[in-house]
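A look at the structure
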Amino acid sequence: MSVGASNPEYVNARVRSRRASLFADEDYRKLIRMGPSEIARFMEETEYEREINALGARFSGVDLIEYALNRNLAKHFDDLLDWSEGRLYDLIARYLRKFDVWNLKTIIRGIYTDSTAEEIQTDLIRAGDLDDRTIDRLLEVDEIEDAIDVLYGTIYYEPLSEAYEEFEETGALVPLENALDREFFEHLLEGVSRPNVHEPQEGPEAMYIEFLQAEIDFRNARNALRLARSGADLDPAAYYIEGGVLFDRAELSRLVTNYDELVDHIAENKRYGDRLSAALDRLRDADSLIQFEHALDAALLEYADTLSSIYPTSVSAVLSYILAKEREVENIRAIARGREVGLTESEIEEELVIL
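In what follows, the accompanying structure is described. (Residues numbered from 1 in each chain as written. Predicted model: local features only at pLDDT ≥ 70, side-chain atom pairs only at ≥ 80, totals over all residues. Heavy atoms only, no water.)

**With respect to the layout of surface pockets**
- Considering only enclosed or pocket space, the largest pocket measures out at about 1,600 Å³ in volume.
- In this structure, the largest pocket is lined by 44 residues; those nearest its centre are W102, R109, R222, R226 and D297.
- Sorting the residues of the lining of the largest pocket by element identifies α7 (98–112), α12 (174–188), α13 (204–230), α18 (289–310) and α19 (315–340) as the ones contributing at least two each.
- The dominant element in the lining of the largest pocket, judged by the number of residues it contributes, is α19, at 9 residues.
- Residue classes in the lining of the largest pocket are distributed as 20 nonpolar, 6 polar and 18 charged.
- Along the walls of the second largest pocket sit 18 residues, with P159, N178, A179, R182 and E183 positioned nearest its centre.
- Elements supplying a minimum of two residues to the lining of the second largest pocket: α11 (157–170) and α12. (1 Å grid on protein atoms, 1.4 Å probe; cavity = no way out; pocket = protein on both sides within 12 Å on 5 of 7 lines; lining within 4 Å. Points joined across faces, edges and corners; volume = space filled by probe spheres on them. Helix = DSSP H or I, 4+ residues; strand = E, 2+ residues; numbered from the N terminus. Nonpolar A, V, L, I, M, F, W, Y, C, P; charged D, E, K, R; others polar.)

In structure tokens, the structure reads:
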């Protein structure tokens, strides 16, 4: 645990400046009408200039865009840690481990689908705790079991080892991916006081806890629906992540069989119903799993913005910025990939998280 005084006022002032430079929804609509080379030129006129120029001699097209996006994202999040002190540093560093989870999932999926190291590397975001040497070793292995062995000595080794047996039995990646999610959230909530109530609490750190509970709730809803629609013989309750306030295991298993009832359950929760009216309308209108997942992403971002407005100097404002920056990167990536494979503008727009 980091010690010493936190400096939330300073960090949040820097974050507000960074937040103001993020792409607006209108920028995405402009990008949808461009090809990959035009998108790269557009990015060169923005805060991605340094990355586009540094990588332009080695890459082109969508590869240039993706490497520039990931390098820029890692730089911004490294800056957050450089600015932060004390307790604030500790909370941000824990949350940025989500990119360890992202990278491990990406590598495991890549091994599973026989992707090359170069193909996997394009999607990695080196902004977590795992060092470059470990990630590079993971990119060299051809079997998931060998990748797990590389992680010996990290917090991910034991949960992945335990989940590997079920992966072998089912052939599904869900047990491995869920093991990573569980480990991430378990460590996030270590050392923070969690009152055993379902009403929002007051205070800056309470906003941090409330945000994490919302992320767990929405992750549980997403995972359960994925399982329910996959047709796989897997029990959603077995992949339940502890720490949220919206579902218990039994409720989750029941609700995934009735989409409308699931959305009603979210809306009837006072915490979400009072703060997510617009996002809940999007959930009700979603007619596919991908639209539902995008609506959940938008809801979490809206929720983080709400919490950060309640306590502007809490860590919630930083977490809200992290989500917003991720959203920008994912939207630009989706547009570039969509243009590369010839999707229509309306098809690409369906892939975006736009508030």
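That shown, we press on.
**Considerations on the packing of helix α3 (residues 36–44) against α19**
- Contact geometry for α3 and α19: axes closest at 9 Å, N-to-C directions at 155 degrees. Taken as axis vectors, α3 and α19 run roughly antiparallel relative to one another. Touching P36, I39 and M43 of α3 are I332, I335, A336 and R339, all from α19.
- A breakdown of the residues in the contact of α3 with α19 according to their chemical character gives 6 nonpolar, no polar and 1 charged. (Axes fitted to C-alpha atoms, helices over the stretch in contact; angles between N-to-C directions. Parallel < 35°, antiparallel > 145°, perpendicular 65-115°, else oblique. Contact = heavy atoms within 4.5 Å.)

**Looking at the pattern of salt bridges**
- A full pass over the atoms with the stated rule returns 26 salt bridges.
- In this structure, D123 engages R337 in a salt bridge whose closest nitrogen and oxygen atoms are separated by 2.4 Å. Taken together, the positions of D123 in the loop between α8 (117–121) and α9 (132–140) and R337 in helix α19 put the pair 214 residues apart, joining distant regions of the chain.
- What makes R337 partly exposed here is its relative accessible area of 33%.
- Linking E210 and R271 is a salt bridge whose minimum nitrogen-to-oxygen distance equals 3.8 Å. (Salt bridge = Lys/Arg side-chain N within 4 Å of Asp/Glu carboxyl O. Buried < 20%, exposed > 50% of the residue type's maximum accessible area, 1.4 Å probe, protein only.)

**A word on unusual backbone geometry**
- In the Ramachandran plot, D114 falls in the positive-phi region, its phi being about 60 degrees despite a non-glycine side chain.
- Along the polypeptide, D114 turns up in the loop between α7 and α8.
- By relative accessible area, which is 69% here, D114 ends up exposed.

**A word on the packing of helix α2 (residues 25–32) against α19**
- At their nearest, the axes of α2 and α19 sit 10 Å apart, and the two run at 15 degrees to each other. One element, α2, and the other, α19, form an angle in the roughly parallel class. Between α2 and α19 lies a crossing of right-handed hand. Every residue of α19 that contacts α2 at D25, Y28, L31 and I32 is listed here: R327, E328, N331, I332, I335 and R339.
- Tallied by class, residues from the contact of α2 with α19 come to 5 nonpolar, 1 polar and 4 charged. (Left-handed = near helix turned anticlockwise from the far one by under 90°.)

**Some details on α11**
- Between the first and last C-alpha of α11 there are 20 Å, a value that for 14 residues agrees with the 20 Å anticipated at 1.5 Å per step.
- A bend of about 30 degrees at Y164 is the largest found in α11.
- For α11, every residue scored as buried is listed here: P159, L160, A163, Y164 and F167.
- For α11, the elements touching its buried residues are α7, α10 (144–150) and α12.
- G171 sits one or two residues past α11 and shows a positive phi near 75 degrees. (Expected span 1.5 Å × (residues − 1). Bend = angle between axes of the 7 residues up to and from the residue.)

**Focus: the environment of S309**
- Turning to its location among the elements, S309 is positioned in helix α18.
- In this structure S309 comes out as exposed when scored by relative accessible area, which is 53%.
- Expressed as a C-alpha distance, the spacing of S309 and I290, which sit 19 residues apart in the sequence, is 29 Å.
- One polar contact links the side chain of S309 to the main-chain carbonyl oxygen of T306, over a distance of 2.6 Å. (Polar contact = N/O pair within 3.5 Å; in protein donor to acceptor, adjacent residues only side chain to side chain.)

**Topic: the packing of aromatic side chains**
- Enumeration over the complete set of coordinates arrives at 13 aromatic pairs.
- Relative to F42, the ring of F23 has its centre 5.8 Å away and its plane inclined at 75 degrees; by these criteria the two rings are edge-to-face. Remark: F42 occurs in helix α3 and F23 occurs in the loop between α1 (8–20) and α2; sequence separation between them is 19 residues.
- A relative accessible area of 7% means that F23 is categorised as buried. (Phe/Tyr/Trp six-rings, centres within 6.5 Å; stacked < 30°, edge-to-face > 60°.)

**Focus: α9**
- Regarding α9, the residues found buried are T134, I135, L138 and L139. End-on view of α9: buried residues confined to an arc of 140 degrees, all on one side of the axis. Summarising the geometry of α9, the exposed residues directed more than 90 degrees from the buried face are R133 and E140.
- Those residues of α9 hidden inside the fold are in contact with α7, α8 and α10. (Arc of directions from axis to C-beta.)

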